Amino acid sequence: MSAKRQRPVKTARSKMSKQPVKHTAAKSSKSGVTGQVRIIGGQFKRQLVPFIDADGLRPSPDRLRETLFNWVQFELHDATVLDLCAGSGALGFEALSRGAHYVTFIELQPKQAALLGQTAERLKLPASSLAVHVGDALSLIPTLALKHRAASVAEQTNLQSSDNAFGYHLVFVDPPYDLELWVPLLTSLIENKLVNKHTLFYLEDRREISQTLQGLAYNYTLLKETKMGQIFASLIQVQIEA
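Here we summarise the structure given alongside this text. Computed from a prediction, not measured in an experiment: that's the story for all the values here.

The rules behind each value
Residues numbered from 1 in each chain as written. Predicted model: local features only at pLDDT ≥ 70, side-chain atom pairs only at ≥ 80, totals over all residues. Heavy atoms only, no water. Buried < 20%, exposed > 50% of the residue type's maximum accessible area, 1.4 Å probe, protein only. Helix = DSSP H or I, 4+ residues; strand = E, 2+ residues; numbered from the N terminus. Pairing = 2+ DSSP bridges. Right-handed = clockwise from strand over helix to strand, strands pointing away.

### Things to note about the pairing of strand 8 (residues 200-205)
- For strand 8, the tally of buried residues reaches six of six residues, placing the bulk of the element in the interior.
- In strand 8, alternate side chains face the same way, and those of Leu-200, Tyr-202 and Glu-204 on one face and Phe-201, Leu-203 and Asp-205 on the other are all buried.
- When strand 7 (residues 170-173) meets strand 8, the two strands line up parallel, connected through four bridges. Paired with Val-173 across the two strands is Leu-203, which belongs to strand 8.
- In terms of handedness, the path from strand 7 via helix 5 (residues 182-191) over to strand 8 forms a crossover that is right-handed.
- Sheet topology places strand 8 next to strand 10 (residues 231-238); five bridges connect them, and they run antiparallel. Pairing of Phe-201 across the sheet is with Ile-236, part of strand 10.

Spelled out as structure tokens, the structure:
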């Protein structure tokens, strides 16, 4: 996948109707599963992704996910994706369903992380297509960077772009809103060189992107944005020097 793709830089605002989020009730309670979301496109379309009841875990509504993947549909083939604060994993599994080569999931809750692994097995995804890391995203980013750099020294990986700029192609940044983690997460990703100037970042918040990223020490370009109900969703690129 070429890292040097031409992307629009003009903001495109989509108007979406306000609809309640519909999650399928889960049948099993022994494992702590309280709900399921459906993959909405690609080879795993209509497959269910289960999730537990945990603070801050709120799968993105179907309509919002559909809009997101319309935005990035031409960027997903063979892409490497980072799903920070993965939660249900709906975004990461949707990316794999639509052609992403590799997804790294980071999830704080051990039970939910175990469900991500079970979902991957049920979808018969090869182990080489994903990794699930359990823990706090901010704490794990430096460790993740060290692992990928070691791998890139041993062999050329898909995190090594054509112009030798190390980084994921697409990053989902959707932490629990009350934790105010957007700026710390982006800053850590940049400082640990897990992303580059070509990386696409998808963010969700209750505020517009200018408020969400207030205090970010890097300039960014807003590529796409929309609002659904009380949620603002944005797709950006950060101006990172090589």
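### Considerations on the environment of Arg-63
- Mapped onto the secondary structure, Arg-63 falls in helix 1 (residues 62-71).
- Sequence-wise, Arg-63 and Ile-40 are 23 residues apart; in three dimensions their C-alpha atoms are separated by 9.4 Å.

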